Amino acid sequence: MIVSLYSTKGGCGKSTLAVCLAAYWSQTRKTALLDADPQASLSLCRQEVLHVPVFEDTSKGIGKTIAKLAGEYERVVIDTAGYRRRKNIEALAHSDFVLIPCKPSPFDVREAMEAVELLREIAGAKERKRAPLPYAIVLTMAQRTAVSAHIREELEHSGVPFMSAQIGQRVAFVETPIVGFPPAGSVAALEIELLAKEIRRRLKA
Ligand SMILES: Nc1ncnc2c1ncn2[C@@H]1O[C@H](COP(=O)(O)OP(=O)(O)O)[C@@H](O)[C@H]1O
Ligand SMILES: [Mg+2]
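Caption draft 1: Representation of the environment of Val174 within the structure. Relative to the helices and strands, Val174 resides in helix H7 (residues 171–179). Judged by C-beta crowding, with 11 C-beta atoms within 10 Å, Val174 ranks as exposed. When the C-alpha positions of Val174 and Cys20 are compared, they lie 9.8 Å apart, and in sequence the two are 154 residues distant.

So, in structure tokens, the structure goes:
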């Protein structure tokens, strides 16, 4: 299963969620992270605590790298850069599921909708060998504020696939790349577990 994190918005939590989901799945499945972002945020992950191999795409065709990893790993999580580049489009076209993180702010919602537009184009593009391309927006860095609740409601009624699972604003997620997966039983661990399970459910549906 290949899951990509995508949004045209920087700082919306793509790399963080990529790391957390990969760390969660690696507890029970052979999992790899693929860094498709030239910023290479994932290279900052501490291997000794995260236990998920991080691959960078050095070849010209990321599709080949993805196919190779998919043959060796049960779960491949791809962190993309937030812009329309050939590499991103190719990575998305090779994914089984695309998760679009969205922070609870009106600006972020607009960017998430732009990401959705791009995904719809890709789903119909020639790079996409298999159809359809399932995707969903996930509310991340959510807080117990009126604006967070309002944005959640707006996304729920937007007609765009929207995850029930939600990720809160928590220090545990900032720490994951250097401290490892949040402790079992913590709210952060539970949020990632629910997100991962919902992705699986949506893929089976
Ligand atoms: N759920 C969260 N709670 C608190 N901080 C977060 C959360 N998700 C991400 N962050 C922080 O927000 C910033 C941007 O996140 P990052 O994952 O790098 O976004 P992107 O990859 O989309 O640019 C980072 O400093 C990260 O640690
Ligand atoms: Mg990033």
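Still to come is the rest of the account.
Caption draft 2: Highlighting the pairing of strand E1 (residues 2–5). Here E1 shows two buried faces, one formed by Ile2 and Ser4 and the other by Val3 and Leu5. Where E1 and strand E4 (residues 75–80) come together, 4 bridges link them in parallel fashion. The residue bridging Val3 from the neighbouring strand is Val77, located in E4. Inspection of the sheet shows E1 paired to strand E5 (residues 97–102) by 3 bridges, in the parallel sense.

Caption draft 3: Up close: the sheet that holds strand E2 (residues 31–36). The 6 strands lie next to each other as E3-E2-E4-E1-E5-E6, forming an open sheet whose pairing is parallel. Strands with a single pairing partner mark the edges of an open sheet, and in this sheet they are strand E3 (54–56) and strand E6 (135–139). Across this sheet, the average inter-strand angle for adjacent strands is 25 degrees, counted without regard to direction. With 6 bridges joining them, E2 and E4 adopt parallel strand pairing. Paired with Leu33 across the two strands is Val77, which belongs to E4. On the sheet, helix H1 (residues 14–25) packs against E1, E2, E4 and E5 and is oriented at approximately 170 degrees with respect to E4. Its contacts with the sheet place helix H8 (residues 187–204) against E1, E5 and E6, and it is angled at close to 140 degrees to E5.

Caption draft 4: Layout of the packing of H1 against H7. Direction vectors running N to C along H1 and H7 enclose 65 degrees, while the axes themselves pass 9 Å from each other. The orientation of H1 with respect to H7, classified from their angle, is roughly perpendicular. As H1 runs across H7, the sense of the crossing is left-handed. Residues Thr16, Val19, Cys20 and Ala23 of H1 form the contact with H7, whose own contacting residues are Phe173, Thr176 and Pro177.

Caption draft 5: Here's a closer look at the site of ligand 1. Near ligand 1 there are 15 residues, and of these Gly13, Lys14, Ser15, Thr16 and Val174 occur at the shortest range. Sorting the residues of the shell around ligand 1 by element identifies H1 and H7 as the ones contributing at least two each. Partitioning the shell around ligand 1 into residue classes produces 5 nonpolar, 8 polar and 2 charged.

Caption draft 6: Quick peek at unusual backbone geometry. Positive phi, normally seen in glycine, also occurs at Ala40, with a value near 50 degrees. Relative to the helices and strands, Ala40 resides in the loop between E2 and helix H2 (47–50).

Caption draft 7: Structural detail: the nonpolar core. Membership of the largest hydrophobic core comes to 62 residues, with the highest contact counts inside it found for Leu21, Leu33 and Ile100. Among the elements that take part in this core, H1 stands out by supplying 9 residues, more than any other. With sequence-adjacent residues up to four places away left out, Leu21 is seen in contact with Val3, Val77, Ile192, Leu195 and Ala196.

Conventions used here
Residues numbered from 1 in each chain as written. Chains lettered and ligands numbered in written order. Predicted model: local features only at pLDDT ≥ 70, side-chain atom pairs only at ≥ 80, totals over all residues. Helix = DSSP H or I, 4+ residues; strand = E, 2+ residues; numbered from the N terminus. Buried ≥ 20, exposed ≤ 12 C-beta atoms within 10 Å, placed from the backbone. Pairing = 2+ DSSP bridges. Axes fitted to C-alpha atoms, helices over the stretch in contact; angles between N-to-C directions. Contact = placed C-beta atoms within 7 Å. Parallel < 35°, antiparallel > 145°, perpendicular 65-115°, else oblique. Left-handed = near helix turned anticlockwise from the far one by under 90°. Near = placed C-beta within 6 Å. Nonpolar A, V, L, I, M, F, W, Y, C, P; charged D, E, K, R; others polar. Core = buried A, V, L, I, M, F, W, Y, C linked by C-beta atoms within 7 Å.

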